[in-house]
Amino acid sequence: MKAVRFHAARDIRVENVAGPSKVLGPNDVLVKPLVTGICGTDLHEYIAGPIVTPQTPHVYTGATNPQILGHEFSAIVADKGSAAANVKVGDRVSIQPLISPRNDYYGRRGLYHLSEKMGCVGLSWAWGGMAEYAVVNDYNVAVVPKGVSDVQAAMIEPAAVAVYAVDRGEVTSGSTVLISGLGPIGALALLAARAAGAAVIFVSEPNAYRRGLAKQLVPDAICLDPTKDDVPALIRDHTEEGVGVDVALECVGLESSLNACAASIRRQGKVVQTGLHMKPASIDAMLWALKDITVEATWCYPVQSWPRIIRMVEAGLLPVEKICTAQISADDVVAKGFEALLDKSVNHMKILVTV
């Protein structure tokens, strides 16, 4: 079968590889991927990997390079093992890609995303969404209703990251919120914050195209350019008594963004660290203490969130498809996918791949 595989930094190839065995384990599900998103994690692997993709066999899944990519995807169930009772052949599904023990310390507590042995379909598992077929566990598939499109189903995974950030920030009806950074996760966090009832939302983003997209997604969003605007000062000017926002969602993974979030929230406000930092950040700990703030960090998402997010998408509360800017074939995945996302002269948010 055809598959997109990561070999090394700047070395992603479309190859013919052996497909899955026709003999499935009791809890295995054979799926035919429909649409797969290129994630920021995939992009980091392309630029500087291997980072997440294992160089030696993964401690739990046994996967190693070359790795079939793709962990944000929708699929059709092609076959299933005898004990996979939650789906039937022909079902359209959204893939929840995290793989971890059900009975270790974290698994026994339902915190599957925190397992120290966790792997991920498309990053540290034998199969991925950028291929003609993949095998996953029965707990990795969530059936989607007719009202959810293939593209929307593929976007449930990144949406889960954003919804988790909003949940950890306890955004609620009437909240004031700052979204720092409008990459794909920031854009989805913007949608999720509005779905949660946020009344006033600020967006800090240096890219003019992305600021424009923010206004398309949430027309009354107040968009700021951190390269020109004093973001904390302007936020104080637009909040009651100049106190700042209730919640700031840091969606970039940069020191300057994190510190701007801390400066922009009110006393006893919350900063949610969602962007992944590639190096240590220096912070003003005295400011954190003076303002009595809470800083929440997030890793992935609770896997149990899939049904809830699917319902939000179906109801039109979370129009995740609006951030998708291109759909390409696997044969073009490097030139029109990874390289296009790195090209600052081309405006893209989320690029989807079909095999």
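Just above, that's the structure.
Bear in mind the structure is a predicted one, so any value in this text is a computation, not a measurement.

Participant: Provide a residue-level description of the sheet that holds strand 14 (residues 245-250), including the pertinent values.
Facilitator: Reading across the sheet, the six strands line up as 13-12-11-14-15-16 and stay open at both edges, with parallel pairing between neighbours. Pairing within the sheet leaves two strands with one partner each, and these edge strands are strand 13 (222-224) and strand 16 (294-297). Adjacent strand axes in the sheet meet at a mean angle of 20 degrees when their direction is disregarded. Pairing of strand 15 (residues 265-273) with strand 16, which is carried by four bridges, proceeds in the parallel orientation.

Participant: Lay out the pattern of salt bridges in plain terms, naming residues and giving numbers.
Facilitator: This structure, assessed with the given rule, holds 16 salt bridges. We note a salt bridge from D150 to R92, for which the minimum N-O separation is 2.8 Å. Within this pair, whereas D150 is found in helix 2 (residues 150-154), its partner R92 is found in strand 6 (residues 92-95), the two being separated by 58 residues in sequence. Accessibility expressed as a relative area gives 22% for R92, which makes it partly exposed. Between D332 and K336 there is a salt bridge; the shortest N-O distance is 3.9 Å. Through salt bridges that share partners, R5, D11, R13 and E15 make up one connected network.

Participant: Can you tell me about helix 7 (residues 255-264), naming the residues and giving the values?
Facilitator: Taken together, the buried positions of helix 7 are S257, L258, C261, A262 and S264. Where helix 7 is buried, its residues touch strand 11 (176-180), helix 6 (231-237), strand 14, strand 15 and helix 8 (285-291).

Participant: Can you tell me about the nonpolar core, naming the residues and giving the values?
Facilitator: Counting 58 residues, the largest nonpolar core has I179, L190, L249 and L318 as the members making the most contacts within it. Secondary-structure elements contributing two or more residues to this core are helix 2, helix 3 (156-168), strand 11, helix 4 (184-195), strand 12 (200-204), helix 5 (208-217), strand 14 and helix 9 (306-314). Top element by residues in this core is helix 3. It accounts for nine residues. Beyond its immediate chain neighbours, meaning those up to four positions away, L190 contacts I179, L182, I201, V203, A214, L217 and V218. By size, the runner-up hydrophobic cluster in this structure holds 24 residues, among which are A3, L24, A84 and V87.

Participant: So what about unusual backbone geometry? Which residues, and what values?
Facilitator: Cis peptide bonds are those with omega within 30 degrees of zero, and the linkage from G49 to P50 qualifies with 0 degrees. Residue placement: P50 occurs in the loop between helix 1 (40-48) and strand 4 (67-68). The omega torsion across N65 and P66 is -5 degrees, close enough to zero to call that bond cis. Relative to the helices and strands, P66 resides in the loop between helix 1 and strand 4. The backbone phi angle of R10 is positive, close to 60 degrees, even though this residue is not glycine.

Participant: How would you sum up the packing of aromatic side chains? Please name residues and give values.
Facilitator: In the structure shown here, the tally under the stated rule is three aromatic pairs. Look at Y46 and F338: their rings are 5.1 Å apart centre to centre, the planes differ by 40 degrees, and that puts the pair in the tilted class. With a gap of 292 residues between them, Y46 in helix 1 and F338 in helix 10 (residues 333-342) connect regions that are remote in the sequence. Residue Y46 shares its accessibility class with F338, and that shared class is buried.

Calculation criteria
- Residues numbered from 1 in each chain as written.
- Predicted model: local features only at pLDDT ≥ 70, side-chain atom pairs only at ≥ 80, totals over all residues.
- Heavy atoms only, no water.
- Pairing = 2+ DSSP bridges.
- Helix = DSSP H or I, 4+ residues; strand = E, 2+ residues; numbered from the N terminus.
- Axes fitted to C-alpha atoms, helices over the stretch in contact; angles between N-to-C directions.
- Salt bridge = Lys/Arg side-chain N within 4 Å of Asp/Glu carboxyl O.
- Buried < 20%, exposed > 50% of the residue type's maximum accessible area, 1.4 Å probe, protein only.
- Contact = heavy atoms within 4.5 Å.
- Core = buried A, V, L, I, M, F, W, Y, C linked by side-chain atoms within 4.5 Å.
- Phe/Tyr/Trp six-rings, centres within 6.5 Å; stacked < 30°, edge-to-face > 60°.

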